[in-house]
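Here are the chains, one letter per residue:
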Amino acid sequence: MTDWTQHYKRAVTFSYDDGNEQDLRLLEILRQYGLRCTFNLNSGLGGDAGTWEYEGALVRRMVLSERIGCYAGHEIAVHGAKHLNMTELSDAALHEEIVSDRDTLASLCGTVPVGAAYPYGAYDARVMEAMRAAGIRYVRTVNSTHSFAPQEALLAFHPTCHHDDPALETLVEDFLRLEPETPQVLYIWGHSYEFDGHRNWDRFERICERLAGHPDIFYGTNAQVLLRGEM
Ligand SMILES: [Zn+2]
């Protein structure tokens, strides 16, 4: 693909974790507004493995072998096969957690993942190196920047904000007013089950409606936006 910055100065991208059943509703909203997202998935969990409750909402991972097709048009990325805290693993277990997720996702969707998100946002220099060694080109943290500026250190890429951030609406309006000289990125992350737990799907839909349909904004997956034409 071509480098979006040749034709655009602003890009919007989303990043959602864990592959839960609420992703289906999120996907429908993204489809409706023509937005693109990266889904960070745990291929070693699924169905009842790791089912839990979040603020009254049932959180259940989808069985990816049955449901991988629902993510067509978006990007699939690594989130650890079993969602373990990578900073606590032995070198061998760390390698396995990353590579087995990468390879299972590659076989399910036919494309080798190039991106990832750190489970629990936990990482250190050793974990970053293990990601790089596995061919992962960018990894998302959970540290909000409230900024749209490009970042150089993609193995610890910091998002603009989480979707529940009280500053989100202001950030969206600030982003829409920009007339930047250099490329700027609005990057929103979260978990789709949080919309069930906080009963705020409508707020997210309003955000998507505001962001959608601007002919001078590029709507891409994380890889398309962060790696530009290198994909
Ligand atoms: Zn997660």
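A. Highlighting helix H4 (residues 125–133). Here H4 has its buried residues at Val-127, Ala-130 and Met-131. Angularly, the buried residues of H4 cover 100° about the axis, an arc narrow enough to put them on a single face. Those residues of H4 that are exposed and aimed more than 90 degrees away from the buried face are Ala-125 and Ala-133. Turning to H4, the residues buried within the fold contact helix H3 (91–109), strand S6 (115–117) and strand S7 (138–140). Among the residues of H4, the N-terminal cap falls to Asp-124, whose side-chain oxygen and the backbone nitrogen of Arg-126 are separated by 3.2 Å. Immediately beyond the C-terminal end of H4, within one or two residues, lies Gly-135, with a positive phi of roughly 85°.

B. Looking closely at helix H1 (residues 23–33). Of all the residues in H1, the buried ones are Asp-23, Leu-26, Leu-27, Ile-29, Leu-30 and Tyr-33. Angularly, the buried residues of H1 cover 160° about the axis, an arc narrow enough to put them on a single face. On its buried face, H1 is in contact with strand S1 (10–17), strand S2 (37–41), helix H6 (193–198) and helix H7 (201–211).

C. Structural detail: the coordination of the zinc ion. Here the zinc ion is held by the protein donor atoms Asp-18 (OD), His-79 (NE2) and His-83 (NE2), which lie 2.0 to 2.1 Å from it. Taken in sequence order, the residues that donate to the zinc ion follow the motif D-x60-H-x3-H. Grouping residues by exposure puts His-79 and His-83 together as buried.

D. View of the packing of helix H5 (residues 168–177) against H7. The N-to-C vectors of H5 and H7 enclose an angle of 5°; their axes lie 10 Å apart at closest approach. Judged by the angle between their axes, H5 and H7 are roughly parallel. Each of Leu-168, Glu-169, Val-172, Glu-173, Phe-175 and Leu-176 in H5 lies in contact with H7, whose residues at this interface are Arg-203, Ile-207, Arg-210 and Leu-211. Residue classes in the contact of H5 with H7 are distributed as 6 nonpolar, no polar and 4 charged.

E. Broad picture of the environment of Lys-82. Its place among the elements puts Lys-82 in the loop between strand S5 (75–78) and H3. Sequence-distant contacts of Lys-82, that is, excluding residues within four places in its chain, are made with Gly-44, Leu-45 and Glu-97.

F. Focus on the nonpolar core. Of all hydrophobic cores here, the largest spans 51 residues; its most connected members are Phe-14, Tyr-16, Phe-39, Tyr-71 and Leu-211. The contacts of Leu-211, once residues within four sequence positions are left out, are Val-12, Phe-14, Val-172, Phe-175, Leu-176, Leu-186, Ile-188 and Tyr-219. Tyr-187, Trp-189, Ala-223 and Leu-226 belong to the second largest nonpolar core, which has 15 residues in total.

G. Highlighting the side chain of His-162. With respect to the helices and strands, His-162 occurs in strand S8 (residues 161–162). One polar contact links the side chain of His-162 to the main-chain amide nitrogen of Asp-164, over a distance of 2.8 Å. Separated by 2.8 Å, the side chains of His-162 and Glu-194 make a polar contact. Every residue in contact with His-162, bar those within four places of it in the chain, is listed here: Ser-144, Trp-189, Gly-190, His-191 and Glu-194.

H. Examining the pattern of salt bridges more closely. Tallied over the entire structure, the rule returns 12 salt bridges. A salt bridge links Arg-126 to Asp-91, with the shortest nitrogen-to-oxygen separation between them at 2.6 Å. Pair noted here: Arg-126 is in helix H4 and Asp-91 is in helix H3, with a separation of 35 residues, a long-range link. Judged by relative accessible area, Asp-91 falls into the exposed class, the value being 55%.

Definitions and cut-offs
- Residues numbered from 1 in each chain as written.
- Predicted model: local features only at pLDDT ≥ 70, side-chain atom pairs only at ≥ 80, totals over all residues.
- Heavy atoms only, no water.
- Buried < 20%, exposed > 50% of the residue type's maximum accessible area, 1.4 Å probe, protein only.
- Helix = DSSP H or I, 4+ residues; strand = E, 2+ residues; numbered from the N terminus.
- Arc of directions from axis to C-beta.
- Contact = heavy atoms within 4.5 Å.
- Polar contact = N/O pair within 3.5 Å; in protein donor to acceptor, adjacent residues only side chain to side chain.
- Donors = N, O, S within 2.8 Å, 3.2 Å for Na, K, Ca; no water.
- Axes fitted to C-alpha atoms, helices over the stretch in contact; angles between N-to-C directions.
- Parallel < 35°, antiparallel > 145°, perpendicular 65-115°, else oblique.
- Nonpolar A, V, L, I, M, F, W, Y, C, P; charged D, E, K, R; others polar.
- Core = buried A, V, L, I, M, F, W, Y, C linked by side-chain atoms within 4.5 Å.
- Salt bridge = Lys/Arg side-chain N within 4 Å of Asp/Glu carboxyl O.

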